[in-house]
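Fold and geometry: a report
The chain contents come next:
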Amino acid sequence: MKSNLTYVAAAAALAGTSAFADGHLTEVTFGSNWVAQAEHGGFYQSVVDGTYEACGLSVTIVPGGPQVNNRALLLAGRIDYHMGGDLLQAFNAVKEGIPVVAVAASFQKHPQVIVAHPGQAETFEDLKNLELLIGDNGYQSFYQWMIAEFGFTAEQRTPYTFNPAPFLADTSTGMQGYLSSEPYLVEKEGGFEPDVFLIADAGYSTYATTIETMAATIEEKPEEVKCFVEGSILGWYNFLYGDNAAARELIKTDNPEMTDDKIDFAIAKMLENGIVLSGEAEELGIGVITDAKVEDFYNKMVDAGVIDAGLNYQSAYTTEFVGNGLGMELAN
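Residues numbered from 1 in each chain as written. Predicted model: local features only at pLDDT ≥ 70, side-chain atom pairs only at ≥ 80, totals over all residues. Heavy atoms only, no water.

So, about the state of the cysteines. Under the counting rule described, the total for this entry stands at 1 disulfide. Between the sulfur atoms of Cys55 and its disulfide partner Cys227 the distance amounts to 1.7 Å. Disulfide Cys55-Cys227: the torsion about the S-S bond is 80°, which places it as right-handed. Of this pair, Cys55 sits in the loop between α3 (51-54) and β2 (57-62) while Cys227 sits in helix α11 (residues 222-241), and the two are 172 residues apart along the sequence. Assessed through its relative accessible area of 1%, Cys55 is described here as buried. (Disulfide = S-S within 2.5 Å. Helix = DSSP H or I, 4+ residues; strand = E, 2+ residues; numbered from the N terminus. Buried < 20%, exposed > 50% of the residue type's maximum accessible area, 1.4 Å probe, protein only.)

The structure is reproduced here in structure tokens:
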């Protein structure tokens, strides 16, 4: 019964909002930035429960992966929407003169974490006492902020090869990770629950898992963008708080290596840490982007030397399609 109620609520919320009132479904393609997983669940939910169709879209999800660059396909006009990583990508697009715009933020908090052995660090700043395994991309982005904001050093960083073995073997090390990945691996392979420090809770204030599209799409097809964004927002509410059984099956179909226990772990961590629903999203709804938060993150990245000052960063996003409280009654 719960799934019927959430679908009815979604359909009612989207009724009358679309320009596709003749019953024709417009086919669009959404490219994710990694293989299918629970962190993509809201999009899969809206595909399987008909939420996108309720406002006139037939959505195909194209999973990303190590050999797939869906963002390049967006720029080439091969797909219509793309799952962005965080605001750094959006800022860099502005710097390069690429008219990509973030239209919603699925995650209010970045799921990037640092994990440590139990008892080795009580606070985020205590991590300065450890050797830290940090990958190259992380070193060039969030670790530069950690250096500028907290006094971490380049010397204490060792390149992370995405192999947890060195961390498991040495209690004096910490390791970068994704909230639902490395902590899960440590529990399974190391047999213990690590201490987990979410960098968002330490002040790394970027949005993550954004929805991106081209500026021309917003200008030429605003009703389509509205439908996709609002359908995705409702999908996240229904995936996290409703019956997500069908979405889970589609995720596992697209990624045969995904298992129910991994999905359970990821959902629990997203809920526990307020990844999707926290802060301003609790008042304005899932997907919200605010000028103040984007400005805060931009200034932090300028101070850390990651992004150039004077960038027209405001062109990297729009608040037009979010922040209206859509679907808030579905959270419980």
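Residue position: Thr210 is located in strand β10 (residues 208-214). According to the relative accessible area criterion, Thr210 is buried, its value standing at 2%. Contact partners of Thr210, with chain neighbours within four places excluded, come to His82, Met83, Gly84, Gly85, Ala102, Ala104, Ala105 and Ser106. (Contact = heavy atoms within 4.5 Å.)

A separate point is the sheet that holds strand β4 (residues 100-107). Read across the sheet, 5 strands follow the order β2-β1-β3-β10-β4 without closing on themselves; strand pairing throughout is mixed. The sheet is open, and its two edges are formed by β2 and β4, each paired on a single side. Mean inter-strand twist for the sheet, computed between neighbouring axes without regard to direction, equals 30°. Bridge count for β4 against β10 is 6 bridges, and the pairing is antiparallel. (Pairing = 2+ DSSP bridges. Axes fitted to C-alpha atoms, helices over the stretch in contact; angles between N-to-C directions.)

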